[in-house]
Amino acid sequence: MISDTILRKLEAELDAGGVDTSDAALDERRHDYWVLKHLRNWRGEKIERPGVVVRPKNTAQVQAIVRVAAEGGIPLVPFGLGSGVCGGIEPDESCILVDLSTMNRVREIDETNLVASFDAGCNGLEAEEAVAERGLTIGHWPQSIAVSSVGGWVSTRAAGQFSTGYGNIEDMVYAIEVVLPNGELVTLGKAPRAAAGPDLRHLVMGAEGTMGIVSGVTLSLRRQAEKRAFTAFHTPTLAAGFEAQRQIVQNEWLPPVMRQYDVRESQRNFQPFHADDQGLLLMMHEGPASRVDAELEAVEGLASKAGLARGSDEAGPHWMERRNHVPTWTDLLEQNLIVDTIEVSAPWTRIEGVYDDVCESVLALDPIRLVSAHSSHVYRTGLNLYFTFVALHEDSAEMEGTYREVWRRTLEATAKNGGGIAHHHGVGRLRKNELHHDLGENGLALLRTLKGAIDPQGLMNPGNLIPDA
Ligand SMILES: Cc1cc2nc3c(=O)[nH]c(=O)nc-3n(C[C@H](O)[C@H](O)[C@H](O)COP(=O)(O)OP(=O)(O)OC[C@H]3O[C@@H](n4cnc5c(N)ncnc54)[C@H](O)[C@@H]3O)c2cc1C
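Small disclaimer: the values here were computed from a predicted structure and weren't measured. (Residues numbered from 1 in each chain as written. Predicted model: local features only at pLDDT ≥ 70, side-chain atom pairs only at ≥ 80, totals over all residues.)

(A) Main features of unusual backbone geometry. The backbone of arginine 157 sits at a positive phi, close to 55°, despite the residue not being glycine. By secondary structure assignment, the location of arginine 157 is in the loop between helix 6 (150-156) and helix 7 (163-166). Residues other than glycine seldom take positive phi values, yet asparagine 336 does so here, at roughly 65°. Assignment of secondary structure puts asparagine 336 in the loop between helix 14 (329-333) and strand 16 (337-347). (Helix = DSSP H or I, 4+ residues; strand = E, 2+ residues; numbered from the N terminus.)

Structural data, given as structure tokens:
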């Protein structure tokens, strides 16, 4: 329970309506888009609610909220737009939930230096549309672009669908304005590049609300491309497709979109363009026309050398049109299905091992009806895999057990093969107890030390990201 004294203090700092204890507000901000929360909700189980929802309109108000919380020793949970899928938002009645969706201005667009600043709660699609009006692009297109915030992107280290050419959010962040747990404001990043000590922006990127509240973000921009083209190739084996992708990126060609689907996903998603028993490699090329033309020629040669046959150029536009359509969790639960996706990554030499071991260990579970994967983010050093699994349970009480076992097996198989257990969805409560696979025990100790120094009272999103000691 948040005391009346604290509520009055918050009201004194915020605009009218900025402090909300209505059932509707508390219900709406109980959790993010983690499927387990939707499952529990659908099963009619009780889900904890925050003590109060506060809605700041500017950075000074965020600072005021944080100071009130720090003085009262009250936990704070930042909420962007709630599209996170790892359980990063799990407030209880002792918490103040800081709803950043009301802090949503485009602050400035600088067309010469190609940077734009946004309030942290700015909707991703609205941010992109604002710069698009000037012939520019952020180039960050997560599938959730219409339902996620700029501050959420930074806080979860998000990756967009065009990342192979344009990088992930950490490659686009120019500066981050963050309110520290003591209420002080710090802006990290002020020039195109710096050798001014450790890059402190990385203490906030991926911190998932545990190190402070991001109140503003400055992103670098690009000019919109002169030419865009699509190619598609049938992959006779997974290995042949990976080899074509490796050759393409290691020869310095960087199509913004490179997506390789295994046979199951090719069959499921690309019916008119799918070839029997083959996967599909899809690319989108864009940039100056002469570079795109040169890339198209080079890619054709490298794919053919790896044994891939050319597919229909229409597969790309088919994907572009449908790429952000996903069924809701509830649609699937109604069919007795629990479904989720798990994104991991590995070096080129280990990625097939990850694919084979994950599929084998997950398919061995009785309720599993499907495991499939595609890659969608490619680097000179390796690439990601994005697994989808489907489990069928007549009795929904059994779903959570299967769900957790699939996650455990997938992350274990990935780590055993030398892969990273979290490519872009973050950690939340879902992955925090598996974080040792990536950080090791000493890395975890370092993370706890940093957290203790920055947030000595432990008030920022407690229970998230960092495993319990
Ligand atoms: C259908 C769907 C598709 C998706 N596709 C992608 C994808 O392509 N790529 C990708 O990377 N992710 C994807 N996601 C995951 C999700 O959209 C991202 O993690 C996104 O960055 C979360 O942004 P948000 O504003 O919704 O954050 P929220 O869900 O509100 O919060 C996420 C975490 O960050 C913290 N947080 C949020 N804002 C702040 C802030 N201002 N300051 C401090 N902490 C904060 C929260 O406390 C929480 O721990 C997808 C999700 C869905 C549902």
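(B) Quick peek at the packing of helix 1 (residues 4-13) against helix 4 (residues 59-72). Where helix 1 contacts helix 4, the two axes come as close as 9 Å, and the packing angle between them is 160°. One way to sum up the angle between helix 1 and helix 4 is to call them roughly antiparallel. For the crossing formed where helix 1 meets helix 4, the hand is right-handed. When helix 1 is examined against helix 4, the residues Ile6, Lys9, Leu10 and Glu13 are found in contact with a partner set consisting of Gln61, Ala64, Ile65, Val68 and Gly72. (Axes fitted to C-alpha atoms, helices over the stretch in contact; angles between N-to-C directions. Parallel < 35°, antiparallel > 145°, perpendicular 65-115°, else oblique. Left-handed = near helix turned anticlockwise from the far one by under 90°. Contact = placed C-beta atoms within 7 Å.)

(C) Representation of the packing of helix 10 (residues 238-250) against helix 12 (residues 289-305). Axis separation between helix 10 and helix 12 bottoms out at 8 Å; the angle between their running directions is 145°. Where helix 10 crosses over helix 12, the two elements pack in a sense that is right-handed. Along the contact surface, helix 10 presents Ala244, Gln247 and Ile248, while helix 12 presents Val299, Leu302 and Ala303. Of the residues belonging to the contact of helix 10 with helix 12, the class tally is five nonpolar, one polar and no charged. (Nonpolar A, V, L, I, M, F, W, Y, C, P; charged D, E, K, R; others polar.)

(D) Structural context of the sheet that holds strand 9 (residues 185-188). The strand order across the open sheet formed by five strands is 5-6-10-8-9, and the pairing between neighbours is antiparallel. Only two strands of the sheet have a single partner each, and these edge strands are strand 5 (106-110) and strand 9. Averaged over all pairs of adjacent strands, the angle between strand axes in this sheet comes to 10°, irrespective of strand direction. (Pairing = 2+ DSSP bridges.)

(E) Layout of the domain arrangement of the chain. On domain assignment, one finds that the chain holds domain 1 (4-101), domain 2 (105-223), domain 3 (227-322) and domain 4 (329-434). Contacts between the two partners involve 16 residues from domain 1, matched on the other side by 22 residues from domain 2. Secondary-structure elements contributing two or more residues to the side of domain 1 that touches domain 2 are helix 4 and strand 3 (76-79). Top contributing element to the side of domain 1 that touches domain 2 by residue count: helix 4, with six residues. Residues of the side of domain 1 that touches domain 2, tallied by class, amount to eight nonpolar, seven polar and one charged. (Domains from an automatic or database assignment.)

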